[in-house]
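What the coordinates show
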Amino acid sequence: MEGNLKIDISETNRGKEQIIIDRKFKYNFSKLKKDNTKIYRCTEYKTLNKCKSFIILNDNKEVLNYDSSHNHPGNEINASKSLIKHKIKDEIKKSLIPSDIKSKRIFDKISQEIGYICPEYKTIKTQITRYKNKQLFPNIKTFDEAPNESEYYKTIRGEYFMIFKNSNIIIFQSPFQAKLFMENKHIFADGTFLIAPTNSYQVFITRTYVTELNLKDHNILNTYYKAISNLCFINIEYIPDIFNKIKNTCMRYESTCSQFLNFLDYFEKIFLNIYNIKYWNYYNNIDHITNNASESYNSYLKNLFVKKPSFYKLIYTIQFEESKSYYDYHMRIKGIWRKKSRISERVDDINILVEYYKNMEAELKNIGCSKNDIIENWFNCLIRLNNEINNFNKTK
C-alpha cells in the first residue's frame, strides 16, 4: 500500500511543511528524529477526532512507516485547497515582481491538473492576496528616502549596479554595461516621464551601439538574418522563393549556421505556412515605423506598468532588463541571434528604395526576363535594405 501512496508537498497557513496523502488526508510536521527522519501527524490529531494516523519520511520524502488508521473520512476539497494555495504561493516566491503575478491564471492552470475535485478561486482569493502583499518590496514616499545602500541595488548576478546617488539623481549601471559603454563610442539617450516612480520626476535611459556584434566572421549569417527581418517590404509573390534561396545558401555553411537554420525552420513554419503572408507584409502599405531605438525602448518600458511604478518595482524591472541584455549580448557573441522586433529605418527611405525595385520588376517583366531574374531583383532589394538601415543607425 505504501508504494501506491500519492504524496504531495504543501504548507500550512503559517508556512510550515505539510504532507498530503492521496489528496484526501493532510499531515503536519510533528517531530524530527535523531536519524533525521520526520514524523507527520494527521491534522485531525489535535481536534475532537484525535486521529492517530501518522507517516514517517526520510530526507528524500520516501515513506518509512505509515499508519493509515483514520477515524474520519478524507476531505478532498480541503486537501486540494491547501495544495493549490501552496503552488500559487510558490510561484509568487519565485517571481522577481510578486505584484505582477496573475493568481487567477495560475489557479486555472493548476485546477485543470487536479481535476474536478477543486475549490472555487474565491475561496482562496483573500489569503493569496494577503500573502502576495506580504511579499511586496517596501515603498518610499519621497526621493530623499531612497537609501544609499540596499540589497535591491544588485543585479540578478549579485553585482552592485547603483553607482551614484545624490539629492537629485540616482544612476544605475552594471559592470557589464560599463564595459560596453567604454568599448563603444555611440551613445543614445532619451528621457521619459511615463515610468518615473511617483516620488521622482523623470527616468533617463542611455544605450550604446555595440559595433562588436557587427564585426563577427559570420558575415553571411549576419546579412541573411537582417534580410529575413526585411521580408515584410518585399513583393509577396517572390517571398517564398527568396526565403528558399537564403535557406539553401545557409545550408552550405551548416556547421556555423545551425542555430540560424533552426530559426529559419521556425520562421518558415509560423510566418510562411501558418500565417498568411499578407497579414505581416507592408509591400503596398508602408506606414510609419519608429526610427528611434531609445524612444522605442521607453515605450516598451511604459507597457510593462499599468500605472506609475513604485521606486523598488522600477529597480526590479531594471534588474530584469539588465539581465536580459546581458544574456542577449553573450548569445549574439556566440553567433546565436534573436529575431529583431522592429526595423530602425525612416519610412521615406524605405518607401523610396522599395519603389525603385518595384519599377525594376516592371522593367524586367517588360523586357521578358525570367522569374529567377525578378527573384534576384528583390533579393538585391533585401541586401540594400540591410545596408541602408545600418547606415541610418550609424548616423543616429
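An account of the accompanying structure is given in this report. Remember, it's a predicted structure, so these values are computed and weren't measured experimentally.

**Thoughts on the packing of helix H1 (residues 76-94) against helix H2 (residues 103-114)**
Relative orientation of the contacting elements H1 and H2 amounts to 135 degrees, with a least axis distance of 10 Å. Between H1 and H2, the interaxial angle falls into the category oblique. Remark: the crossing between H1 and H2 carries right-handed chirality. In this structure, H1 uses Ser-80, Leu-83, Ile-84, Lys-87, Ile-88 and Glu-91 to contact H2, whose residues at the interface are Ser-103, Ile-106, Phe-107, Ile-110, Glu-113 and Ile-114. When its residues are assigned to classes, the contact of H1 with H2 shows seven nonpolar, two polar and three charged.

**Thoughts on the sheet that holds strand E2 (residues 17-21)**
Either a parallel or an antiparallel arrangement is found when strands of a sheet pair, and the pairing is made through backbone hydrogen bonds. Strand order in the open sheet made by the six strands is E1-E2-E3-E4-E5-E6, with antiparallel pairing throughout. Only two strands of the sheet have a single partner each, and these edge strands are strand E1 (7-11) and strand E6 (63-67). This sheet shows a mean twist of 30 degrees between the axes of neighbouring strands, independent of strand direction. Bridge analysis of E2 against strand E3 (residues 25-32) gives four bridges, and the strand direction is antiparallel. Bridge pairing links Ile-21 to Phe-25 in E3. Relative to E1, H1 is tilted by about 65 degrees, and along the sheet it contacts E1, E2 and E3.

**Some points on unusual backbone geometry**
Phi angles above zero are rare outside glycine, and Lys-50 is one such case at about 50 degrees. Phi angles above zero are rare outside glycine, and Lys-61 is one such case at about 60 degrees. With respect to the secondary-structure elements, Lys-61 resides in the loop between strand E5 (54-57) and E6.

**Here we look at the pattern of salt bridges**
One pass over the full model with this rule turns up 14 salt bridges. Across the salt bridge formed by Lys-61 and Glu-17, the nearest N and O atoms sit 3.4 Å from each other. Taken together, the residues Lys-61 in the loop between E5 and E6 and Glu-17 in strand E2 connect sequence positions 44 residues apart. The partly exposed category is assigned to Lys-61, whose relative accessible area is 25%. With a closest N to O distance of 3.1 Å, Glu-361 and Lys-365 form a salt bridge. Taken together, the positions of Glu-361 and Lys-365, both in helix H10 (residues 347-366) and four residues apart, correspond to about one turn of that helix. Here Glu-361 falls in the buried class, since its relative accessible area comes to 5%. Within this structure, Glu-17, Lys-38 and Lys-61 form a network of salt bridges that share partners.

**Details of the packing of aromatic side chains**
Taken as a whole and judged by the stated rule, the model has 15 aromatic pairs. Ring centres 5.7 Å apart and planes at 70 degrees place the aromatic pair Tyr-153 and Phe-172 in the edge-to-face group. Taken together, the positions of Tyr-153 in the loop between helix H3 (125-135) and strand E7 (162-165) and Phe-172 in strand E8 (residues 170-172) put the pair 19 residues apart, joining distant regions of the chain. Using a relative accessible area of 2% as the deciding quantity, one classes Tyr-153 as buried. With 6.3 Å between their ring centres and 45 degrees between their planes, Phe-263 and Phe-267 make a pair best called tilted. Residue Phe-263 and its partner Phe-267 are both found in helix H7 (residues 254-274); the two are separated by four residues, about one turn of the helix.

**Re the side chain of Asn-377**
One can find Asn-377 in helix H11 (residues 371-395). A polar side-chain atom of Asn-377 sits 3.3 Å from the main-chain carbonyl oxygen of Tyr-357. Beyond its immediate sequence surroundings of up to four residues, Asn-377 is in contact with Tyr-357, Met-360, Glu-361 and Leu-364.

Rules behind the numbers
- Residues numbered from 1 in each chain as written.
- Predicted model: local features only at pLDDT ≥ 70, side-chain atom pairs only at ≥ 80, totals over all residues.
- Heavy atoms only, no water.
- Axes fitted to C-alpha atoms, helices over the stretch in contact; angles between N-to-C directions.
- Helix = DSSP H or I, 4+ residues; strand = E, 2+ residues; numbered from the N terminus.
- Parallel < 35°, antiparallel > 145°, perpendicular 65-115°, else oblique.
- Left-handed = near helix turned anticlockwise from the far one by under 90°.
- Contact = heavy atoms within 4.5 Å.
- Nonpolar A, V, L, I, M, F, W, Y, C, P; charged D, E, K, R; others polar.
- Pairing = 2+ DSSP bridges.
- Salt bridge = Lys/Arg side-chain N within 4 Å of Asp/Glu carboxyl O.
- Buried < 20%, exposed > 50% of the residue type's maximum accessible area, 1.4 Å probe, protein only.
- Phe/Tyr/Trp six-rings, centres within 6.5 Å; stacked < 30°, edge-to-face > 60°.
- Polar contact = N/O pair within 3.5 Å; in protein donor to acceptor, adjacent residues only side chain to side chain.

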